[in-house]
Amino acid sequence: MTRPRRGDTHELAVTGLAFGGQGIARPDDFVVFVAGAVPGDEVRATVTKVKKSYAEARLEEILSPSIDRVSAHCSHYGTCGGCRWQSLDYEVQLRYKEQQVGESLERLGGLKGFEMRQIKAMDHPWRYRNKVEFSIGSVEGRLVVGFHPPGRWDAVLPQTECHLLPLATEGVRATVEEWLRNVGAEPWNPRDHAGYARHLTIREAYGTGEILVNLVTAPGALPDPTGFVDTLRARHPEVVGIMHATNAGEAEVATGMPFQTLWGRSHMYETLGDLRLKVSIDAFFQTNTRMAYVLYETAAQEAALTGDEVVWDLYSGIGSIALYLARRARSVLGIEVVPAAVRDAVQNAVENGVTAATFLEGNARVVLKEILEGRLELPLELTRPDVVVVDPPRGGLAHKVIHRIAAAGPRRVVYVSCNPTTLAPDAALFQELGYRLTRVTPVDMFPHTPHIEAVALLEPVARPSADE
Ligand SMILES: C[S@@+](CC[C@H](N)C(=O)[O-])C[C@H]1O[C@@H](n2cnc3c(N)ncnc32)[C@H](O)[C@@H]1O
């Protein structure tokens, strides 16, 4: 195929899966991404976008389905876009995730010679999300609490089921939707920035079953807040906190807004191994608790602690990795930028009887500089880490952070990554600074979606001597 033209329809053989989950066809070596297609499909697709080196096409018809296709669990499959891979056999999803981690490290990072471990799969890969953010909108004049269809920030789909959510969370969604309709709440319209009800966040702890509910509206008192609280408590005894947040801005965000606690508390407790963790409504916590345990255990194995090490946990959130490792180490130091998360971490240390844990609030890049320059009042031993664990957001590590970690000279760096495309260049920079990528273990935190998590171990090429 010469470069296709927008609007043309082609029959394509799909042979690969891209990051982000689209099928890839390569007619005459020209790459065409087809959303909704999986490897092995023969499809008819219409070209919607043409760039210099690739095109995008809309799936019109599956002419011959891949043998790896399975029937989707959810009636919203195809319109919702939330778990794009649920029509792909779970074992096949796992193989693609492994392949994508390996390929990105090799191609984007130029890395080789590392051990690529088999992905850690989830046993019952459904109903695993402990947090969900719904949008509130209108369909044919009726308020709905649901998800945006792919690429449509201004529309919300009516929702009857989501197989990634626990059943109680689904029930809370339906209750809030019904209540908002009963009180005549006006759904938000993001196009003209008008309306009232905007988002609904629900968190449900896997270990304790506790549920938090946060309704986000435009400024203005909630109609009948007592009725809202009474309805939720009567129908959902697992609810431990009900909040009302206001978003006065135009941005479509559901977290970080000022909120009022209408009833109960603004945090829930989650369990992880033998830890009991306080999770505030807006604090980051791994969304799949069962696999968070597997992730942290993998990180712990790579940290290879003997009980005598100083461990830094950078991007520590509510302190979960630091506290998970603390009992196997001499002391841990967590660094986190969100003040509420740091407060949770400090309290979590106390409530779990961990005394050798220190948490600092601030940007990791800046705090590391202050530590290296001796500008923080810390016990000397805490400034010399044996092991550094990093768990940054999707954008990965700032170059200065990598330089500063290398300057601190740990014997091991355990990199927990939710994005192999940033892990790859970060690991390459570590390599330039004398740390080689030893091993990578993908962990399937997000079954039925293209998202990939991996734990990478980096070790000094030549171990620094004690007086270096
Ligand atoms: C992927 S989460 C990891 C949290 C924690 N390790 C866990 O497993 O729950 C990333 C964390 O980094 C924090 N963060 C983002 N940018 C940061 C920065 N520049 N410095 C320190 N923390 C940051 C976020 O608030 C979030 O808590």
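In this text the structure is predicted, and so the values were computed from the model without any measurement.

Trainee: Requested: an account of the site of the ligand, with residues and values cited.
Mentor: The full set close to the ligand counts 19 residues, and F284, Y315, G317, V337 and D391 are the nearest of them. Secondary structure elements with two or more residues in the shell around the ligand: α5 (320-326) and β16 (331-336).

Trainee: Describe the nonpolar core, naming the residues involved and giving the relevant values.
Mentor: The biggest cluster of nonpolar side chains holds 130 residues, and the ones touching the most others in it are L325 and V389. Top element by residues in this core is helix α4 (residues 289-303). It accounts for eight residues. Setting aside chain neighbours within four positions, we find L325 in contact with A300, A303, L305, V311 and V332.

Trainee: Quick rundown of the packing of helix α8 (residues 399-408) against helix α9 (residues 420-432)? Include the residues and the values.
Mentor: Angle between the axes and distance between the axes: these two values describe a pair of packed helices. The N-to-C vectors of α8 and α9 enclose an angle of 40 degrees; their axes lie 10 Å apart at closest approach. The angle between α8 and α9 falls in the class oblique. Here α8 and α9 pass one another in a crossing that is right-handed. On α9, the residues that touch H399, I402 and A406 of α8 are D426, L429 and F430. The residue makeup of the contact of α8 with α9, split by class, is four nonpolar, one polar and one charged.

Trainee: Requested: an account of unusual backbone geometry, with residues and values cited.
Mentor: At A304, a position not held by glycine, the phi torsion is positive, near 45 degrees. Along the chain, A304 falls in the loop between α4 and β15 (310-314). Under the C-beta neighbour-count criterion, A304 is labelled partly exposed, with 14 such atoms within 10 Å. Phi angles above zero are rare outside glycine, and Y315 is one such case at about 70 degrees. Within the secondary structure, Y315 sits in the loop between β15 and α5. On the basis of neighbour counts, which here come to 20 C-beta atoms within 10 Å, the residue Y315 falls in the buried class.

Trainee: Kindly report on the sheet that holds strand β10 (residues 211-217), identifying the contributing residues and their values.
Mentor: Ordered by their spatial adjacency, six strands build an open sheet running β8-β7-β9-β10-β11-β12, and the pairing between neighbours is mixed. Each edge of the open sheet carries a strand with a single partner, namely β8 (142-146) and β12 (259-264). For this sheet, the mean angle separating the axes of adjacent strands, direction not counted, is 20 degrees. Helix-sheet contacts for helix α3 (residues 225-235) involve β10, β11 (239-246) and β12, and the interaxial angle to β11 is about 145 degrees.

Trainee: If you had to explain helix α7 (residues 364-372) to someone new, which residues and values would you point to?
Mentor: Here α7 has its buried residues at A364, V367, L368 and I371. Across the axial projection of α7, the buried residues extend over an arc of 100 degrees, all falling on one side. Residues of α7 that are buried make contact with β15, β16, β17 (357-361) and α8. Positive backbone phi, approximately 70 degrees, marks G374, located one or two places after α7.

Trainee: Describe the packing of helix α1 (residues 90-107) against α9, with residues and values.
Mentor: At a closest axis distance of 8 Å, the pairing of α1 and α9 adopts a crossing angle of 35 degrees. The way α1 lies across α9 gives a crossing that is right-handed. Seen from α1, the contacting residues are Q100, V101, S104 and L105; seen from α9, they are P420, T421, A424 and A427. Residue composition of the contact of α1 with α9, grouped by class: five nonpolar, three polar and no charged.

Rules behind the numbers
Residues numbered from 1 in each chain as written. Predicted model: local features only at pLDDT ≥ 70, side-chain atom pairs only at ≥ 80, totals over all residues. Near = placed C-beta within 6 Å. Helix = DSSP H or I, 4+ residues; strand = E, 2+ residues; numbered from the N terminus. Core = buried A, V, L, I, M, F, W, Y, C linked by C-beta atoms within 7 Å. Buried ≥ 20, exposed ≤ 12 C-beta atoms within 10 Å, placed from the backbone. Contact = placed C-beta atoms within 7 Å. Axes fitted to C-alpha atoms, helices over the stretch in contact; angles between N-to-C directions. Parallel < 35°, antiparallel > 145°, perpendicular 65-115°, else oblique. Left-handed = near helix turned anticlockwise from the far one by under 90°. Nonpolar A, V, L, I, M, F, W, Y, C, P; charged D, E, K, R; others polar. Pairing = 2+ DSSP bridges. Arc of directions from axis to C-beta.

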